[in-house]
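Structural characterization, general
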Amino acid sequence: MRVYFLSYAPAALKLNGMYLGTVDGFERHVSLDPADGVLAEIVPYDNFQPLNFRLNTEFFAAPPTFADVYLTEGDAIIYIREFEPKIAKLDVIYQTRFAGNLVTVFSQGRIYLSVEGAEYSLNALPQCFSSLSAEEKTLAGYKVLALYGGGMMIVISENGKIIYMNSAENVGFNGGLGVTVNFETCTAAKAECYFAYDGEKLELVSSRTIEMRPPEKNILHFAFFESVLTRGDYGKYLDESLLPKADALKNYLGNFVGVTVPTENFYSAHGDIAAAGLVYPRGKNLFEIKYFAVDFNGEKISNIYPVE
């Protein structure tokens, strides 16, 4: 099995005590047999705790909480998405009383949101909420508390529930919640969404995805699959022969949650074809990548098929 290593922060990689270099946002890979139970050490260069784990069959079947594992064509991709700080002192970032709730955002190694009222909840937050602003708003006649941090927004209801946590810009609280959500796609797509609110939960009423820039010719197929994922106008990428089947494509491709570039092994096995990896959930922190390729008629897609 070829195993690729990625990390959100630069770190040293050791396998069975041997230093193999740095892992970061660029793929590093080794070949190994999970039956050997290789000991892996990931040592971050910043002030974080190192990670130690065995690369065995159990790891690839049920990854630990700090790692996401992607399985594809006999290979595996390991993405280290969090490290614990060495110093984890308690630091209150924000605190207020809202509708009978004590709302606290604090750091203790990670960033957390605590809401104490009729019920108690504790939720881990993205690092972007290490600095935030807040304001009380009225949404469909109900009071809500909005927290803003690093391009994201959290909305808390009067009963202390998180009813929204996502990227957000151009936010409006008139009647329902209007918000623009940014996607990390090659076309810098944005979704303009409007939600109705009944005092308990948000319900999506309408959504329109807009691509902010045209894709380059060599990544048209990635733009197409991302457009399907984000519910954009993906029909514009299709040849006239495929347009009648556009509505059926979502079911054909299945419930994928991401689009990725194929590995080096994929191109070695299948050649330089116009293909993308579609990411499907398989378990907690565990995903499967299936490859789909396209044929073009000029600059329009005339065929979509799984790569076996």
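Higher on the page you've got the structure.
Heads up: these notes are all about the structure in this document. The structure displayed is predicted, hence computed values, not measured ones.

Below, the discussion takes up the packing of aromatic side chains. Per the stated rule, a full pass over the model turns up 16 aromatic pairs. Arranged with centres 4.3 Å apart and planes meeting at 40 degrees, the rings of Phe266 and Tyr291 form a pair that is tilted. A residue pair is termed long-range when its members are at least 10 positions apart, and Phe266 in helix α4 (residues 264-270) and Tyr291 in strand β23 (residues 286-297) qualify at 25 residues. Here a set of aromatic residues connected by ring pairs shows up, and it is made of Phe53, Phe59, Phe60 and Phe66. Sitting over the face of the ring of Phe256, Lys250 holds its NZ or CZ atom 4.9 Å from the ring centroid. The side chain of Lys290 reaches across the aromatic face of Tyr280, ending 5.0 Å from its centre.

To continue, consider unusual backbone geometry. What you tend to see is this: most non-glycine residues have negative phi, and most peptide bonds are trans. We note that Glu73 has phi near 45 degrees; this positive angle belongs to a residue other than glycine. Looking at the element boundaries, Glu73 is found in the loop between β7 (67-72) and β8 (75-80). Assessed through its relative accessible area of 43%, Glu73 is described here as partly exposed. For Ala99, which is not glycine, the phi torsion reads 50 degrees and is therefore positive. Mapped onto the secondary structure, Ala99 falls in the loop between β9 (91-98) and β10 (101-108). Take Ala99: its relative accessible area is 44%, and that puts it in the partly exposed class.

The next subject is the side chain of His221. For His221, the position within the fold is in helix α2 (residues 220-229). A polar side-chain atom of His221 sits 3.5 Å from the main-chain carbonyl oxygen of Ala275. Aside from chain neighbours lying at most four places away, what touches His221 is Ala274, Ala275, Ala276, Val294 and Phe296.

What follows covers the pairing of strand β11 (residues 110-116). Examined bridge by bridge, β10 and β11 share 7 bridges and lie antiparallel to one another. Bridge assignment links Gln108 to a residue of β11, and that residue is Arg110. Between β10 and β11, which pair antiparallel in sequence order, lie 1 residue; one of them, Gly109, sits at a positive phi of approximately 90 degrees. Here β11 pairs with strand β12 (residues 120-125) via 6 bridges, running antiparallel. Residue pairing across strands places Val115 opposite Ser121, the latter belonging to β12.

Read across the open sheet, the 4 strands follow the order β9-β10-β11-β12; overall the sheet is antiparallel. With partners counted over all chains shown, the strands left at the sheet margins are β9 and β12, one partner each. Here the average twist between neighbouring strands, direction ignored, is 15 degrees. For β9 and β10, the ladder comprises 7 bridges, and the chain directions are antiparallel. When the sheet's bridge partners are listed, Asp91 is paired in β10 with Ser107.

Quick look at the pattern of salt bridges now. Applying the stated criterion across every chain yields a total of 10 salt bridges. Here Lys236 and Glu211 are joined by a salt bridge, their closest N and O atoms 2.9 Å apart. Here Glu211 lies in the loop between β20 (202-210) and α2 and Lys236 lies in the loop between α2 and α3 (249-253), a separation of 25 residues in the sequence. Several salt bridges share partner residues, and in doing so they unite Asp68, Arg81, Glu82 and Arg110 into one network.

Rules of the game
- Residues numbered from 1 in each chain as written.
- Predicted model: local features only at pLDDT ≥ 70, side-chain atom pairs only at ≥ 80, totals over all residues.
- Heavy atoms only, no water.
- Phe/Tyr/Trp six-rings, centres within 6.5 Å; stacked < 30°, edge-to-face > 60°.
- Helix = DSSP H or I, 4+ residues; strand = E, 2+ residues; numbered from the N terminus.
- Lys NZ or Arg CZ within 6 Å of the ring centre and 35° of its normal.
- Buried < 20%, exposed > 50% of the residue type's maximum accessible area, 1.4 Å probe, protein only.
- Polar contact = N/O pair within 3.5 Å; in protein donor to acceptor, adjacent residues only side chain to side chain.
- Contact = heavy atoms within 4.5 Å.
- Pairing = 2+ DSSP bridges.
- Axes fitted to C-alpha atoms, helices over the stretch in contact; angles between N-to-C directions.
- Salt bridge = Lys/Arg side-chain N within 4 Å of Asp/Glu carboxyl O.

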